[in-house]
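Listed below, chain by chain, are the residues.
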Amino acid sequence: MKHTGIFLLLLLLLQGLFAQPAVLDESYLDPEFLRFKTELTLAILDKDADRLAPLLHDNLLYSKENDPATSRQYLLESLRSDPNHPDWKELYRLISFGFSRIKGDNPIGIASRHPYFFSAPSFELHPGEGTTLLVTGSSVNIRAKPGTAAPVIATATWEWLDFHHPVSDEVVEPNLFVDGKSWFEVVLPNGQLGYIVEDFVSASLLTELVVVKTGQGWKIVSFFHAPGC
């Protein structure tokens, strides 16, 4: 399915101007980058690896391939071979949460004379050293127990909540994997415990996308999450 570039460009501009408070997409601040994001969005929506290829830096930092010299080709071959590859979904999730424009040198060390780079998602993944998460949706159900059969005790819309990390904290509920999904134990403002599914929390989004302006234009230099995440 093909999409109209001009229409999508306008949608992306509006996304930046009227984003949710926690998701401030700054793509519109650079018209050239906004055009890049439009092309990236079209490639992801169409699951078109050939269209994605020129948007990737030759020395891409990629979580599933340690060697930057071969990681770009490894990613492209994976995406070409499987239209349902999980990285298509991950790329879509990342760009749907917008890009932050960050001043200074990019963290990947790719040469650039540009005074800033862009990074997605636009919100900080792990503020408060892993003690809070962002609810990434509107009227998201918070349940009394993990699982869709449990009663709904509250809803949340694009807000930060304290949560118990199953690795570093002691969780009350021993089974946080129910209905084929991971659930997160959160603390509501009134102190009550609740559970929210992985699909709607920032803590389940572990990958970051970094885009740097090179001599060949804007390029994705990192599609990466840290080991152990």
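Residues numbered from 1 in each chain as written. Predicted model: local features only at pLDDT ≥ 70, side-chain atom pairs only at ≥ 80, totals over all residues. Heavy atoms only, no water.

K.L.:
Would you explain the pairing of strand β11 (residues 208-214) in this entry?
P.N.:
The side chains of a regular strand alternate, first on one face of the sheet and then on the other. Most of β11 is tucked away: five of the seven residues are buried. Here three bridges tie strand β3 (residues 116-120) to β11, and the two strands are oriented antiparallel to one another. In the sheet register, F118 faces β11, and the bridge partner there is V211. Direction of pairing for β11 relative to strand β12 (residues 217-224): antiparallel, over a ladder of seven bridges. Looking at the pairing, T214 lines up with G217 of β12. (Buried < 20%, exposed > 50% of the residue type's maximum accessible area, 1.4 Å probe, protein only. Helix = DSSP H or I, 4+ residues; strand = E, 2+ residues; numbered from the N terminus. Pairing = 2+ DSSP bridges.)

K.L.:
Please clarify how the pattern of salt bridges should be interpreted in this entry.
P.N.:
Once their charged atoms are close, side chains differing in charge can pair, the charge on each being opposite to the other. By the definition in use, this model includes eight salt bridges. Notably, a salt bridge pairs K213 with E32, separated by 3.0 Å at the nearest N-O pair. Taken together, the residues span a long stretch of sequence, with K213 in strand β11 and E32 in helix α2 (residues 31-45) at a distance of 181 residues. Note on K213: relative accessible area 22%, which makes it partly exposed. On the basis of relative accessibility, which here comes to 32%, the residue E32 falls in the partly exposed class. A single salt-bridge network, built from bridges that share partners, covers E39, D46 and R51. (Salt bridge = Lys/Arg side-chain N within 4 Å of Asp/Glu carboxyl O.)

K.L.:
What's the story with the packing of aromatic side chains in this structure? I'm lost.
P.N.:
Any two aromatic rings considered together are summarised by their centre-to-centre distance and by the angle between their planes. One pass over the structure, following the stated rule, counts eleven aromatic pairs. Their ring planes at 80° and their centres at 6.1 Å tell us that F97 and W158 sit as a pair that is edge-to-face. Taken together, the residues span a long stretch of sequence, with F97 in the loop between α5 (86-96) and β2 (100-103) and W158 in the loop between β6 (152-156) and β7 (160-164) at a distance of 61 residues. Each member of the pair, F97 as well as W158, carries the same accessibility label: buried. Taken together, the ring pairs in this structure connect F33, F36, F99, Y116, F118 and W218 into an aromatic cluster. Between the NZ or CZ atom of R101 and the centre of the ring of Y116, over which it lies, the distance is 4.5 Å. (Phe/Tyr/Trp six-rings, centres within 6.5 Å; stacked < 30°, edge-to-face > 60°. Lys NZ or Arg CZ within 6 Å of the ring centre and 35° of its normal.)

K.L.:
Which parts of the structure should I look at to understand the sheet that holds β11?
P.N.:
The strands that make up a sheet are held in pairs by hydrogen bonds between backbone atoms, and each pair lies either parallel or antiparallel. Reading across the sheet, the five strands line up as β1-β12-β11-β3-β2 and stay open at both edges, with mixed pairing between neighbours. Of all strands in the sheet, those bounded by a partner on one side alone are β1 (56-62) and β2. With direction set aside, neighbouring strand axes in the sheet form an average angle of 25°. The pairing of β2 with β3 spans four bridges and is antiparallel. Bridging across to β3, S100 finds its partner in S119. Here α2 sits on the sheet and contacts β3, β11 and β12; the angle it forms with β12, its principal contact strand, is near 55°. (Axes fitted to C-alpha atoms, helices over the stretch in contact; angles between N-to-C directions. Contact = heavy atoms within 4.5 Å.)

K.L.:
Explain the nonpolar core here, please?
P.N.:
Grouped burial of nonpolar side chains is what soluble globular proteins tend to show. Counting residues in each nonpolar core, the largest one holds 34 residues, and the members touching the most others are L40, L52, F99 and L209. Broken down by secondary-structure element, the contributors of at least two residues to this core are α2, α3 (49-52), β1, α4 (68-81), α5, β3, β11 and β12. Every residue in contact with L209, bar those within four places of it in the chain, is listed here: L40, L91, L94, I95, F99, F118, S119, A120, I220, S222 and F223. Core analysis: the next-biggest nonpolar cluster, separate from the first, contains 13 residues, F163, F184, L188 and I196 among them. (Core = buried A, V, L, I, M, F, W, Y, C linked by side-chain atoms within 4.5 Å.)

K.L.:
Can you walk me through the packing of α2 against α5 in this structure?
P.N.:
At a closest axis distance of 10 Å, the pairing of α2 and α5 adopts a crossing angle of 145°. Regarding α2 and α5, the two cross each other, and that crossing is left-handed. Seen from α2, the contacting residues are K37, L40, T41, A43, I44 and L45; seen from α5, they are W88, L91, Y92 and I95. For the contact of α2 with α5, the per-class residue count stands at eight nonpolar, one polar and one charged. (Left-handed = near helix turned anticlockwise from the far one by under 90°. Nonpolar A, V, L, I, M, F, W, Y, C, P; charged D, E, K, R; others polar.)

K.L.:
What am I meant to see in unusual backbone geometry here?
P.N.:
Of all residues except glycine, most have a negative phi; of all peptide bonds, most are trans. Each neighbour pair has its own omega, and for A120 with P121 the value is 5°, a cis peptide bond. Examined against the element boundaries, P121 turns out to sit in the loop between β3 and β4 (132-134). With a phi close to 50°, K47 is a non-glycine residue in the positive phi region.

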